Amino acid sequence: MRRLATPQDIDSVFALYMHEKVVPFLGYDPMPLEDFRAIYRELLGGGSFYVYEHEGRIAGFYRAVRYPGRVQHVACLGTLAVDPAFHGQGIARAMVTEAIDTLKAAGVKRIELFAESDNATALRFYDKLGFEREGTLRKFYKRAGDADYVDEYVMARLFD
Ligand SMILES: CC(C)(COP(=O)(O)OP(=O)(O)OC[C@H]1O[C@@H](n2cnc3c(N)ncnc32)[C@H](O)[C@@H]1OP(=O)(O)O)[C@@H](O)C(=O)NCCC(=O)NCCS
């Protein structure tokens, strides 16, 4: 079950965000909690950052941002992860399916996202959920300590 994240969720979100199996695939390099506070405030400020609860604890999170004006039928999914303790149990599928259903009900016709070209697990996951690869943002992403930039794929799923 999803709900909007609150300021009180910061410790759980931080722990999951900084998990060694998660942080390579989100927007920021590992950092201390004190530095994360400003990022978390910005995440909450958009009013579109959700946590997904399973068995009474936060098992995942994602952001779903709706664009304005002539692209208001488009939403962008991002900052998405599931606690590795729950991987492979269908949590992400349930979480994203719920997000898709809510966005569709609100009139969204296109859901897009960006996935690193070296994130085989996520690419397989999005593929299974019907997202199609539309293009490549070359040298879009760079992790601290990596010598090279990583390409990012644009993926989207369309609805009638
Ligand atoms: C990608 C991620 C969210 C998947 O979470 P999950 O809860 O393990 O995924 P699910 O159990 O719901 O799997 C859903 C589908 O994806 C497939 N899938 C998930 N992980 C997979 C893997 N490692 N290898 C192959 N397929 C995989 C499953 O087979 C499943 O398909 P099915 O329902 O037809 O069997 C999770 O691995 C994660 O948090 N990764 C780190 C953060 C990240 O990469 N975020 C995305 C940034 S773009």
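Throughout this document, residue positions are counted from 1 along each chain, in the order its sequence is written. Note on the predicted model: pLDDT of at least 70 is required for a residue's local features to be given, and 80 or more for side-chain atom pairs to be given and counted; whole-chain, interface and lining totals, by contrast, use all residues. Processing note: side-chain calculations cover all non-hydrogen atoms of the structure and skip hydrogens and water entirely.

Novice: What's the story with the site of the ligand in this structure? I'm lost.
Specialist: Not every one of the 21 residues close to the ligand is listed here, only the nearest: Leu80, Gly88, Gly90, Arg93 and Asn119. The contact in question runs from an oxygen atom of the ligand to an N or O atom on the backbone of valine 82, over 2.8 Å. Each polar contact in these results corresponds to two N or O atoms within 3.5 Å; when the atoms are within protein, one needs to be able to donate a hydrogen and the other to accept it, and residues that are neighboring in sequence are counted only if both atoms are side-chain atoms. Note that an oxygen atom of the ligand is positioned 3.2 Å from one of the side-chain N or O atoms of histidine 87. Computed with a 1.4 Å probe, the accessible areas rest on the Shrake-Rupley method; for each residue, only the protein chains presented here act as cover. Summarising the interface, the protein chains cover 76% of the accessible area of the ligand, which totals 930 Å² for the free molecule. The cavity that encloses the ligand is the largest pocket. Every helix listed is a DSSP run of H or I at least four residues long, and every strand listed is a run of E at least two residues long, numbered separately from the N terminus. Broken down by secondary-structure element, the contributors of at least two residues to the shell around the ligand are β4 (74–82), α3 (91–105), β5 (110–116) and α4 (120–128). The element contributing the most residues to the shell around the ligand is α4, with six residues. Residues are classed as near a molecule or strand on a simple rule: at least one heavy atom within 4 Å of it. Residues are said to line a cavity or pocket when one of their atoms sits within 4 Å of a point; the points come from a 1 Å grid over protein atoms alone, cavities being sets where a 1.4 Å probe fits but cannot get out and pockets being open sets with protein on both sides within 12 Å along at least five of seven lines. A pocket or cavity is taken to hold a molecule when more than half of that molecule's atoms are within 2 Å of the pocket's grid points.

Novice: Could you clarify how one ought to interpret the sheet that holds β5 in this entry?
Specialist: Sheet strands associate in pairs through backbone hydrogen bonding, adopting either a parallel or an antiparallel arrangement. Read across the open sheet, the seven strands follow the order β1-β2-β3-β4-β5-β7-β6; overall the sheet is mixed. The two strands at the open ends of the sheet, each matched to only one other strand, are β1 (2–4) and β6 (132–141). The mean angle between the axes of side-by-side strands here comes to 30 degrees, regardless of whether they run parallel or antiparallel. We call two residues contacting when some pair of their heavy atoms lies within 4.5 Å. Axis lines are fitted through C-alpha atoms, for helices just across the contact stretch, and the angle between N-to-C directions can take any value from 0 to 180 degrees. Packed onto the sheet, α3 meets β1, β2 (49–54), β3 (57–66), β4, β5 and β7 (150–158) and runs at close to 160 degrees relative to β4. For two strands to count as paired, DSSP must find a minimum of two bridges between them.

Novice: Looking at this model, I keep getting lost on the nonpolar core. Mind explaining?
Specialist: The tendency in soluble globular proteins is for nonpolar side chains to be buried as a group. Membership of the largest hydrophobic core comes to 30 residues, with the highest contact counts inside it found for Tyr62, Leu77, Val96, Ile111, Tyr126, Phe131 and Met155. Within the residue set of this core, elements represented by two or more residues are β2, β3, β4, α3, β5, α4 and β7. For this core, the element with the highest residue contribution is α3, accounting for seven residues. Ignoring anything within four residues of it in the chain, the contact list for isoleucine 111 reads Ala75, Leu77, Ile100, Leu103, Phe131, Met155, Ala156, Arg157 and Phe159. The set of buried Ala, Val, Leu, Ile, Met, Phe, Trp, Tyr and Cys residues whose side-chain atoms join them within 4.5 Å is what this entry labels a nonpolar core. A 1.4 Å probe rolled over the protein chains alone gives each residue an accessible area, and that area as a share of the maximum for its type sets the label: buried under 20%, exposed over 50%, partly exposed in between. Grouped together as the second largest cluster of nonpolar side chains are 20 residues, Ala5, Val22, Phe36 and Val51 included.

Novice: How should I be thinking about the packing of helix α1 (residues 10–17) against helix α2 (residues 33–45) in this particular structure?
Specialist: The description of two packed helices rests on the angle between their axes and on the distance between the axes. Here α1 crosses α2 at 105 degrees, and the two axes come no closer than 11 Å. Judged on the interaxial angle alone, α2 and α1 are roughly perpendicular. Where α1 abuts α2, its residues Ile10, Asp11, Val13, Phe14 and Tyr17 lie against Leu33, Phe36, Arg37 and Tyr40. Class assignment for the residues of the contact of α1 with α2 results in seven nonpolar, no polar and two charged. Angles are sorted into four bins: roughly parallel if under 35 degrees, roughly antiparallel if over 145, roughly perpendicular if 65 to 115, and oblique for all others. Residue polarity follows a fixed list, in which Ala, Val, Leu, Ile, Met, Phe, Trp, Tyr, Cys and Pro are nonpolar, Asp, Glu, Lys and Arg are charged, and the others, Gly among them, are polar.

Novice: Looking at this model, I keep getting lost on the packing of aromatic side chains. Mind explaining?
Specialist: The geometry of two aromatic rings is summed up by the distance between their centres and the angle between their planes. Working definition: rings of Phe, Tyr and Trp (its six-membered ring) pair if their centres are within 6.5 Å, and the pair is stacked with planes under 30 degrees apart, edge-to-face with planes over 60 apart, and tilted otherwise. Tallying each qualifying case throughout the model produces 10 aromatic pairs. Geometrically, the ring pair formed by tyrosine 40 and phenylalanine 49 is edge-to-face, given 6.4 Å between the ring centres and 90 degrees between the ring planes. Here tyrosine 40 matches phenylalanine 49 in class, with each residue buried. Ring centres 5.8 Å apart and planes at 70 degrees place the aromatic pair tyrosine 126 and phenylalanine 131 in the edge-to-face group. Here tyrosine 126 and phenylalanine 131 have matching classes, each one buried. Three or more aromatic residues joined by ring pairs make a cluster, and in this case those are Phe14, Tyr17, Phe36, Tyr40, Phe49 and Phe61. The criterion is that NZ of a Lys, or CZ of an Arg, lies within 6 Å of the ring centre and within 35 degrees of the ring normal, and then a charge sits over that ring. Arginine 133 extends its terminal NZ or CZ atom over the ring of tyrosine 153, reaching a point 4.0 Å from the ring centre. Positioned over the ring face of tyrosine 149 is lysine 142, at 5.7 Å from the centre of the ring.

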